[in-house]
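# Breakdown of the fold
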Amino acid sequence: MAREKIDYGIDLGTTNSSICRMEDGEPVIKKSDTLKDTMPSCVYVNKKQAIQVGDRAFNALKKDKLNRQKKSNSKESNSFIEFKRTMGTDKSYYCSNLEREFSSEHLSAEVIKTLKSFITDENFSAVVITVPAMFTINQKDATLRAAIENAGFKHCELLQEPIAASMAYGLKADDKDGYWLVFDFGGGTFDAALLKVEEGIMKVIDTA
């Protein structure tokens, strides 16, 4: 079986997401449409039924919050955020502008598709997506569906976030073997993971 090289990685975060590419052996973060390293993991459907993702969606969310503070009878927001928390569940998000419901994986797919659109110099169909170490099988399956069935990737590998962080550190670390304690100061969650590294092989021992 031929090995499929994957040059792209996506951090599908609770509050912010980003995409990077391996260039000459180094991971390079690709800028968003607003020339930032990350973009808000936020999806908005406007009155014209167009889907917007990222900074424009987050600005719409803030505007909706202000309107609700001023007017008690204001409509529900058509902006959605922190849906990563409900990945792999039957939680749905109602969109009045489209008169339909979105699942967490469909909203996540919109984020993934937008990140993919930032790469304009080549087409690619394989990606690595990082997930929390404590993600369940249902949550991992939902993430795969978001990438393959909904975002159009042909191949997707999932990588636990503490291992991804350890790999990035391990590229330049002098002493690689031993036990590593990784703290993930995420926008939506805070995780700690204990890893055992032996002869370049990383294994998560425990998470909290």
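Overview of the structure. (Residues numbered from 1 in each chain as written. Predicted model: local features only at pLDDT ≥ 70, side-chain atom pairs only at ≥ 80, totals over all residues. Heavy atoms only, no water.)

### Concerning the sheet that holds strand E14 (residues 201–207)
Whether parallel or antiparallel, the strands of a sheet pair through hydrogen bonds between backbone atoms. Cut-off, in case you're wondering: Here the rule is simple: two strands pair whenever DSSP picks up at least two bridges between them. Secondary structure is summarised from DSSP: a helix means a run of H or I of at least four residues, a strand means a run of E of at least two, and numbering begins at the N terminus for each. Every angle, taken between N-to-C directions, lies between 0 and 180 degrees, and every axis is a line fitted to C-alpha atoms, over only the stretch in contact when it is a helix. Contacts were defined at the residue level, with two residues in contact if any of their heavy atoms lie within 4.5 Å.
The strand order E12-E13-E14 describes an open sheet built from 3 strands, whose pairing is antiparallel. Across the chains shown, the open sheet's two edge strands, defined by having one partner strand only, are strand E12 (178–185) and E14. The average undirected angle you get between the axes of adjacent strands in this sheet is 30 degrees. By the bridge criterion, 8 bridges tie E12 to strand E13 (residues 190–198) in an arrangement that is antiparallel. From the neighbouring strand, Phe 183 faces E13, where its bridge partner is Ala 192. Docked against the sheet, helix H4 (residues 161–170) engages E12, E13 and E14, running at close to 115 degrees with respect to E12.

### With respect to empty space enclosed by the protein
The cut-off we apply is this: Of the grid points, spaced at 1 Å and generated over the protein atoms alone, those admitting a 1.4 Å probe that cannot get out make up cavities, while open sets with protein on both sides within 12 Å along at least five of seven lines make up pockets; any residue with an atom within 4 Å of a point is treated as lining. Grid points are joined across faces, edges and corners, and a volume is the space filled by probe spheres set on the points. Three classes are used: nonpolar for Ala, Val, Leu, Ile, Met, Phe, Trp, Tyr, Cys and Pro, charged for Asp, Glu, Lys and Arg, and polar for all others, with Gly counted as polar.
One pass over the full model with this rule turns up 2 cavities of 30 Å³ or more. When its volume is computed, the largest cavity comes out at roughly 60 Å³. Along the walls of the largest cavity sit Pro 132, Ala 133, Met 134, Glu 161, Pro 162, Val 182, Asp 184, Asp 191, Ala 192, Ala 193 and Thr 207, which together make up its complete lining. Those elements that provide at least two residues to the lining of the largest cavity are H4, E12 and E13. If you tally residues by element for the lining of the largest cavity, the top one is E13, at 3 residues. Within the lining of the largest cavity, the residues separate by chemical class into 7 nonpolar, 1 polar and 3 charged. Each pocket or cavity is described by its volume, and for the second largest cavity that value is around 40 Å³. For the second largest cavity, the full set of lining residues is Leu 12, Lys 84, Met 87, Ser 108, Thr 130, Val 131, Phe 135 and Thr 143. A class-by-class count of the residues in the lining of the second largest cavity yields 4 nonpolar, 3 polar and 1 charged.

### Considerations on the packing of helix H2 (residues 104–117) against helix H3 (residues 137–150)
What counts, and what does not: When describing relative orientation, an angle under 35 degrees is termed roughly parallel and one over 145 degrees roughly antiparallel, while 65 to 115 degrees is termed roughly perpendicular and anything else oblique. Crossing handedness is defined as follows: a turn of the near helix away from the far one that is anticlockwise and smaller than a right angle gives a left-handed crossing, while the clockwise case is right-handed.
Running from N to C, H2 and H3 point in directions that differ by 55 degrees, and their axes come no closer than 8 Å. When the interaxial angle is binned, H2 and H3 end up oblique. With respect to the hand of their crossing, H2 and H3 are arranged in right-handed fashion. Contact with H2, carried on its side by Glu 105, His 106, Ser 108, Ala 109, Ile 112 and Lys 113, involves Ala 142, Arg 145, Ala 146, Ala 147 and Asn 150 of H3 and no other residues of that element.

### Let's talk about the nonpolar core
Rules: For our purposes a nonpolar core is just a set of buried Ala, Val, Leu, Ile, Met, Phe, Trp, Tyr and Cys residues, chained together by side-chain atoms within 4.5 Å. Classification of residues uses two cut-offs on accessible area relative to the type maximum, computed with a 1.4 Å probe and protein chains only: under 20% is buried, over 50% is exposed, and between them is partly exposed.
Ranked by internal contacts, the top residues of the largest apolar core, which has 28 residues, are Ile 10, Ile 19, Val 111, Ile 112 and Ile 129. Put simply, the parts of the chain that give this core at least two residues each are strand E1 (8–11), strand E5 (42–45), strand E8 (92–95), H2, strand E10 (126–131) and H3. The residues contacting Ile 112, other than those within four sequence positions of it, are Ile 10, Leu 12, Ile 129, Ala 146, Ala 147, Ala 151 and Phe 153. Among the nonpolar cores identified, the runner-up in size contains 7 residues, and Ile 163, Trp 180, Leu 195 and Val 197 belong to it.

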